[in-house]
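Descriptive analysis of the structure
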Amino acid sequence: MLAVHLVSFFFSKLQEDPTKKVDRFLHAMRLHDDRLSDISKRFLAEMKKGLSAESTAAAAVKMLPTQVRSTPDGSEKGEFLALDLGGSNFKVLRVKVREDVGIKKGGVEMEEKTYPIPNELHAGKAAELFDHVSESLKDFLHEKNISPSNKHLLAFTFSFPCEHPSLDQGLSVSWGKNYRVRGLQGKDVVQALKEAIGRTGDMDVEVLAMVNDTVATMMTCGFDDQCCEVGLIIGTGTNVCYMEELRHIDLVEGDEGRMCVNTEWGGFGDDGALDDFITEFDRDVDAASLNPGQQTFEKMVSGMYLGELVRLVVLKMAKLGLLFDGRVSDALRTKGNITTADVAAMEENRNGLKNTKDILTRLHLSPSPDDCIAVQHVSTIVSFRSSNLVAAGLAAILTRIRQNRNLRGLKITVGVDGTLYKTHPQYPKRLHKVVRRLLPDCQVRFALSESGSSKGAALVAAVAQRLTSQRRRVDEALSLFRLNQQQLQLVKSRMREGLEAGLRGKGCTVKMLPSFVYHTPDGTENGNYLALDLGGTNFRAMLVRFKRHKSQLYHKIYTIPLEIMQGTGEELFDHLAQCVCDFLDYMGLKKACLPAGFTFSFPCEQSGINKGTLVSWTKGFKATDCVGQDVVFMLRDAIKRRNEFDLDIVALVNDTVGTMMSCAYEDPQCEIGMIAGTGSNLCYMEEVKNIEKLKQGHGTAKKDKEQEENHAMKPEKSNVEADESKMCINTEWGGLGDDHCLDDIINPYDAEVDIHSVNPGKQRFEKMTGGMYLGEIVRQVLLDLTRRGLLFKGHVTEPLKTPGIFETKYLSQIESDRLALLQVRSILQRLGLRGTSGDSIIVKEVCGAVSRRAAQLCGAGMAAVVDKIREDRRLERLSITVGVDGALYKLHPHFSQVVKETVRVMAPQCDVTFLPSEEGSGKGAALIAAVVQSINNI
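Attention in this report is confined to the structure presented alongside it. (Residues numbered from 1 in each chain as written. Predicted model: local features only at pLDDT ≥ 70, side-chain atom pairs only at ≥ 80, totals over all residues. Heavy atoms only, no water.)

The subject of this paragraph is the side chain of Asp839. With respect to the helices and strands, Asp839 occurs in helix 30 (residues 837–872). We note that Asp839 is buried and unpaired, the nearest opposite charge coming from Lys793 at a distance of 7.1 Å. When residues no more than four places from it in sequence are discounted, the contact partners of Asp839 are Leu790, Leu791 and Phe792. (Helix = DSSP H or I, 4+ residues; strand = E, 2+ residues; numbered from the N terminus. Buried < 20%, exposed > 50% of the residue type's maximum accessible area, 1.4 Å probe, protein only. Lys, Arg positive; Asp, Glu negative; His and termini not counted. Salt bridge = Lys/Arg side-chain N within 4 Å of Asp/Glu carboxyl O. Contact = heavy atoms within 4.5 Å.)

Printed below as a string of structure tokens:
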């Protein structure tokens, strides 16, 4: 009975579908989506390991930075020589990128010649190999009638793992593809080539770039499709590269932009990460290879090994009696007798079975139809596993790109080259299908590299040349904003001259307006006070309560519409009165008549603490019938017209003075106030004896009864005769340069902003330092760079032509150290400016140059003030505090530090502390009102 059952069993096996038999035999090679997702996650982890400085030395996936920082943008041009060394042959080429009239726009023309590499050079000395390369290059120049004495730019495709300290350096890591050249590992391949060219002689060649063939493939496809940011080789070997965020590449300095990383993913699994996916056939292939234990992933997927994997499977099945009735030929036992080309032929749609039979017959086998079907299916499973593994690795790459850019979906192109991909009839379709199945949210396009990696190497050189030229021209533009110590010293000197001239009399660009504030607070202030603050596009109404060295503040903010800012004076002050009425109603104080301080952040000539004539509008205001008028009177008049509440406006305060007073309440050493926000200004406590204009215009303060009643800082009755040797001066330093004293640092972008401002020729210093103008300066620079083809591919959009669209807040956001370039691009896109990561880097540099200059100018101006105070007080060293307010100082990530550093360098004998105002100038106005009220009640 047992014999009968055995016969029945074997008979049934003979009748079994041959594909099912193979499926069962090779079940370990059948990878379903859950297993592919697992492999993808493992590869992601290996990528992170290779990018980290701490773990890269032990990483199986090397993740080598290439120094290629940009894919082509289509504007590249030039003529280059190219060398392509990566297999048994190497090529020399002349590549013209948009150089000839006959080439269509964006086209590339190539002439090439292939030179064999003798077998003895594959394992010879490095010098011998590169001498052969150099001599072949010289032969090519003579054959193509190219003068060797002319300067030639050369790009070098070197398809072996290298570390790249720079684009024109490559330190050899290891050999592959049957190369075992001696004396090159760890040395610079480019230097070896240069030395060989020197030995050959009579050639003037500059090596611009050396790249891996995978990188060259990405660049080739990227020239035609600018969404291409991944390069994939599936041929004799396999590899992938992609554009990684620079901030993640520990081995490269800097964190701005992207760089192509050559993953060298063939080594994936060398550390055991794929052990549970490796079959006995993989182990046999590895053991018989030239590098056992290395390139695990490559041996599972690349064209060098697929044919051998199929041979080993077929041999094992034959030995087990599952094929050819158990007969095995010597040819089948011989390594290399089934090639990857055979695998591709067996899987052809129409002639696959016929080809299979022919191949098996060539191996001296006598296959049955079922044998042919089974062997064809073996080929399918082996090649299908290859495409599945490549898809899993590629899915990891694309997932990382998507995560880096914080995208839900991704639209991207993968440039592909390699004989397996190009010649295998089913491979591309299988690969594409699995990738899209693993990443359903990504739109992945595969672009075949028609011109090979040689074109790509030339394009790397062309991109490098473009970036170098672009960098130089951008630097030239930004150099207009870079101030050296001599220029900063000039600004300090001119500011000092402006301060002195303004103290002497009228008609000066630095107004030096007396504020009639003689003292800073002493902490005894008490009671409820209103503060009204008009300083820009907003109006703020506040109630401030002082009690026992503490204060409470309640406020409401009201917008000033543009039509009010630039309408009539009556409309403006009626709007302010309406806002005050609303605030009093909101606070339940409409029937009260509280003392109020009015912060008015525009140049005023004050004749008393509550009297001030508007000198000029700034910050975009130009309400009519206001200049030359008393602004306190105009507000009182508007309140009377409304006839709903009463207000006792006891003090008119500039916002800078209010800021100083607010900070002095916290720090008694605070004797300077600075605003770095929409506008730019500074005040400080000046010696009354130096204010000649005060004597000329108003007589001495002590003898004038009206002035005495308006002295701001007499907090106690016993202090009526307090020292009045100092008075706060509102410098209005924004006017420095209106007399052309700063023309040698004012650049064409500043001039353009000035011409289109509401007050051409005025407030020149403020227009280089105030937040109202910095964004517009940036826009002018971006517009110029775009028109010159250095930004946004030369495409000038309507938003870029729109004045005011680039607000200063964008400078603070773009320059944030925590902001990735992806977020910078997002800001630009909101403005209708679509660009590359390279564009984002340039935009960030422009913002940095403009804001840094602004901060340096403020620092130089501050240095002039603190040095004047020190010298006036005859001190060897001055310790003083500056109260600061303004969004530019508070919100910009670097502005405050640059100001401090500039002051430290420009005024080395002064110890200057900067104290940000927590509650703005409103609290300071209330403090002044409190003291005035106490004086009036004496």
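This brings us to empty space enclosed by the protein. Counted by the stated rule, this structure contains two cavities of 30 Å³ or more. In this structure, the largest cavity spans a volume of roughly 80 Å³. When contributions to the lining of the largest cavity are tallied by element, the ones reaching two or more residues are helix 22 (655–664) and strand 23 (680–687). Tallied by class, residues from the lining of the largest cavity come to three nonpolar, eight polar and four charged. (1 Å grid on protein atoms, 1.4 Å probe; cavity = no way out; pocket = protein on both sides within 12 Å on 5 of 7 lines; lining within 4 Å. Points joined across faces, edges and corners; volume = space filled by probe spheres on them. Nonpolar A, V, L, I, M, F, W, Y, C, P; charged D, E, K, R; others polar.)

On to the packing of helix 27 (residues 771–787) against helix 30. Orientation of helix 27 relative to helix 30, taken along the N-to-C sense of each, is 140 degrees, at an axis distance of 10 Å. With respect to helix 30, the element helix 27 is oriented oblique. Considering the relative orientation of helix 27 and helix 30, their crossing is right-handed. Across the interface between the two elements, Leu774, Ile777, Val778, Val781, Leu782 and Leu785 of helix 27 pack against Ile842, Val843, Val846, Cys847, Val850, Arg853 and Ala854 of helix 30. (Axes fitted to C-alpha atoms, helices over the stretch in contact; angles between N-to-C directions. Parallel < 35°, antiparallel > 145°, perpendicular 65-115°, else oblique. Left-handed = near helix turned anticlockwise from the far one by under 90°.)

A word on the side chain of Gln470. Relative to the elements of secondary structure, Gln470 occurs in helix 17 (residues 452–478). Using a relative accessible area of 16% as the deciding quantity, one classes Gln470 as buried. In terms of polar contacts, Gln470 uses its side chain to reach the backbone carbonyl oxygen of Leu790, at 2.8 Å. Contact partners of Gln470, with chain neighbours within four places excluded, come to Leu790 and Ile842. (Polar contact = N/O pair within 3.5 Å; in protein donor to acceptor, adjacent residues only side chain to side chain.)

Another aspect to go through is the pairing of strand 5 (residues 151–158). Of all eight residues in strand 5, seven are buried; the element is thus mostly enclosed. Across five bridges, strand 2 (residues 78–85) lies against strand 5 in parallel orientation. By the bridge assignment, Asp84 is partnered in strand 5 with Thr157. Bridge count for strand 5 against strand 8 (residues 204–211) is seven bridges, and the pairing is parallel. Along strand 8, the bridge assignment pairs His152 with Val205. (Pairing = 2+ DSSP bridges.)

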